[in-house]
Amino acid sequence: MAKKVSVKEIQTTCCYCGTGCQLLFTVDQDANKILDVHPVWGRTNEGTACLKGWYGWDYLNDPQILTKRLKEPMIRKNGKGSPLEVVSWDEAIKFVADNFKKIKEKWGPDSFLGAASARGPGNEAGYITQKFTRAVMGTNNIDHCARICHAASVAGSRQTIGEGAMSLSIPEIENAEVIFNIGYNAAASHPIVARRIVKAKEKGAFIICADPRITETARISDLHLQLKGGSNVALVNSLANVIISEDLIDHEFVKLHTKGFDEFWEIVKEYTPEYAATITGLSPEDIRFTARKYASSKHSVILWGMGITQFSQGVETVKCCCSLAMLTGNFGRPSCGTGPVRGQNNVQGTCDMGDLPDVYPGYQNVTDPEIQAKFEKAWGVKLSNKAGIQLTRVPEFVIHEKDPAKRIHAYYITGEDPAQSDPDLEEIRETLDQVDFVVVQDIFWNKTAEHADAVLPATAWGEHDGCYTSSDRGFQRVRKVLEPQGNVLPDWEITCRIATAMGYPMHYNNTEEIWNEMIDLCPKFTGATYEKMERQGSVQWPCWDKGHEDTGTMFLHKDGHFATPDGIGILKTSPYHPPTEVENTEFPLSLCTVREVGHYSVRTMTGNCRMLRNLEDEPGWVEMSLEDCDKLGLREGEIVKVFSKRGSVYTRCKPTERVKQGAVYMTYQWWIGACNELTISSLDPASRTPEYKYCAARVEKIKDQAWAKEEVARIYEDLRSRMHIVKEEVLA
């Protein structure tokens, strides 16, 4: 008699991007093996998925293409420079707890910084990471990767409309009448959101795309504003100038629901279309047309991505985008408002959970005495009322800080890889080597782990339960699909064990217990129970009440009531200034980092998926204009060397008509063609987000291509060896 196979279907939320697509896994539970994966209906995806959703789960099989799964805790028993040794969980936890305690006692609480993960671990792990940092280490030095992507959206939106999230829902996009898409290529970043933009166009919406490249979004747009990189503020200020000058504003909305008009006009009155044209390279006619078109509808939507946030004026651009929507009364109804579409799958959630230096979970200020008292009572400890430092400032507080008493001495990094993702990697490597004690908690070997004093292996998405927040504020459940292999633990449990070993007991039986503690401390999340998420599929915050009547909030700022302390929106912007580092004789090109549809974040996940790897592999590409390629005598596929003041990398040349002469573009996922060896660590002064989108660079031709190919192959094998892949074990 044939053995009966134990097959189970399990629905979960995709782990790539902030769209929050729903996937159904069919699993042979006896063999602990995935048999099938396909998309099913969800609020945001309507039964569709992109290629990462279809094929991006293969890393759970540990095919060892780029890196190897971490399966045992390891520590450097004999200090820095000694090898990492496999130890028991008890020994690893004691080693980490003892070192954190020693550093806290010697240098004080603010000598510690925690980096939470916006990827697989989920909201519950994010809550635990910030609680550990605040209640156990005693500091607000907690942050995560929003700092390097959409922190400008959070800061700029909170300063104007009070809430740092999408004001509308993803499904509402398709019913917009005008979509002003600035610095955002949904086709590469969020393909399922791009589908909504296409549907909007099919329904008659007018699509305007402001982007220096001819992106997929630009190709479907009705008007492409191919502005010069780094000139976003000049463009949005000029749109405001036209809207006010031509009396296209919604007077009633501005009068009843906003303030700061005179100060706003004092800045934008200088930005006539003719003046802005000299900065942006656009025609005054196109600027005027865009402003008139945007102001012509009460269902106008502004969507943006990192094409505006990763600049030293990212916050200012966001503030002016929010102001454009207020000037035209485009808030408080369906299918209007502002849409900062978040990148990583749970970067919205990790912000929601308070993994930020200035707010507790639920965006409650750490400097508010009543809020502080509430969390002190709940957690049973005295808390700091001093805002913490951002993770992009770690080099400043390590290698650039002369006073040891003011330095960061311990860095706890969960599910992030700053040695690949942060700007100016040479500086980051030097910083990591000078931090007294570095802990990396992750699922794969990565570049940061090479600098760690302790490496703690965590479960991956698909191996634990929890919930994520989609980009449009929707809490959704994620569920365990497979039993994890190896000696790994969920992130939240690892952190709880460290806390307990440090004398602050943190015990939870499951993620729902963590979630219930969190929602009872956060009024705008209180109604979002697990039961409600299971019943509705998704609960968009704010959701104030646990009763069935409160199903959540589709769009924010209803009736023009903003989330500012007095409910009034604030019109704000700033004068334009150029990027920090511009082209010069030695480095005559501008370099901008972009995204690639088949890969995700630092590529430890998608780089270990066979189907996605087969689409594209190292060393990546640099997109160049046909004119610049002709000038250097370059052909498609040739290996070239790209330089900036900070370093150099090898990559392949991709001539394209999509980019303008004088500008080059590189995707940041590649490990050999790692463009962050070149990027500048200049920060937006408000959000502390790096200016990834603009620095000066040079491309050089390599005459001996045979040598170049061998050199790239040698570097690749060295990288894989450092990531603990033995050549004979490669399964792909």
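Criteria and thresholds
Residues numbered from 1 in each chain as written. Predicted model: local features only at pLDDT ≥ 70, side-chain atom pairs only at ≥ 80, totals over all residues. Heavy atoms only, no water. Domains from an automatic or database assignment. Contact = heavy atoms within 4.5 Å. Buried area = accessible area lost by both parts, 1.4 Å probe. Salt bridge = Lys/Arg side-chain N within 4 Å of Asp/Glu carboxyl O. Polar contact = N/O pair within 3.5 Å; in protein donor to acceptor, adjacent residues only side chain to side chain. Helix = DSSP H or I, 4+ residues; strand = E, 2+ residues; numbered from the N terminus. Nonpolar A, V, L, I, M, F, W, Y, C, P; charged D, E, K, R; others polar. Axes fitted to C-alpha atoms, helices over the stretch in contact; angles between N-to-C directions. Parallel < 35°, antiparallel > 145°, perpendicular 65-115°, else oblique. Left-handed = near helix turned anticlockwise from the far one by under 90°. Buried < 20%, exposed > 50% of the residue type's maximum accessible area, 1.4 Å probe, protein only. UniProt positions renumbered as here; feature names shortened; annotations may be inferred. Expected span 1.5 Å × (residues − 1).

The name an unreviewed UniProt entry gives the protein chain is FdhF, with Treponema primitia as the organism.

Once that is clear, we can look at the domain arrangement of the protein chain. Domain boundaries in the protein chain define domain 1 (7–61), domain 2 (97–149 + 345–510), domain 3 (150–341) and domain 4 (589–723). Distance between the C-alpha centres of domain 3 and domain 4: 29 Å. Counting residues at the interface gives 26 residues for domain 3 and 23 residues for domain 4. Buried surface at the junction of domain 3 and domain 4, summed over both partners, amounts to about 2,000 Å²; 50% is from carbon and sulfur atoms. It is R213, Q310 and S312 that lose the most area in domain 3 upon contact with domain 4, and together they represent 35% of the buried surface on that side. Taken together, the connections running from domain 3 to domain 4 amount to two salt bridges. The salt bridge involving E623 is made with R213; its shortest N-O contact spans 3.1 Å. One can count 10 residue pairs in polar contact (both at pLDDT 80 or more) joining domain 3 with domain 4. Those elements that provide at least two residues to the side of domain 3 that touches domain 4 are α4 (151–160), α5 (186–189), α7 (216–220), α13 (306–309) and α14 (314–327). Of the residues assigned to the side of domain 3 that touches domain 4, the class counts are 11 nonpolar, 11 polar and four charged.

Between side chains of opposite charge, a pair can form as their charged atoms come close. Across all of its chains, the model carries 49 salt bridges by this definition. The shortest N-O distance in the salt bridge between K259 and D566 comes to 2.8 Å. Within this pair, whereas K259 is found in strand β11 (residues 258–259), its partner D566 is found in the loop between β21 (539–540) and β22 (569–570), the two being separated by 307 residues in sequence. For the salt bridge of E700 with R698, the shortest nitrogen-to-oxygen distance reads 3.0 Å.

Our next topic: the packing of helix α3 (residues 123–136) against helix α19 (residues 491–501). At their nearest, the axes of α3 and α19 sit 8 Å apart, and the two run at 15 degrees to each other. When the interaxial angle is binned, α3 and α19 end up roughly parallel. The handedness of the crossing between α3 and α19 comes out as left-handed. Residues A125, I128, F132 and V136 of α3 form the contact with α19, whose own contacting residues are D491, W492, T495, C496, I498 and A499.

This next bit is on the side chain of T495. By secondary structure assignment, the location of T495 is in helix α19. Its relative accessible area of 0% is what places T495 among the buried residues.

With that settled, the discussion passes to the UniProt feature "domain: 4Fe-4S Mo/W bis-MGD-type" (unreviewed entry) in the protein chain. What UniProt calls "domain: 4Fe-4S Mo/W bis-MGD-type" (unreviewed entry) maps, in this numbering, to residues 7–64. Structurally, residues 7–64 comprises 9% helix and 38% strand, and the distance from its first C-alpha atom to its last is 27 Å.

Turning our attention to helix α2 (residues 89–107). With 19 residues, α2 should reach 27 Å at 1.5 Å per residue; the first-to-last C-alpha distance of 27 Å fits that figure. Buried within α2 are the following residues: W89, A92, I93, F95, V96, A97, N99, F100 and I103.

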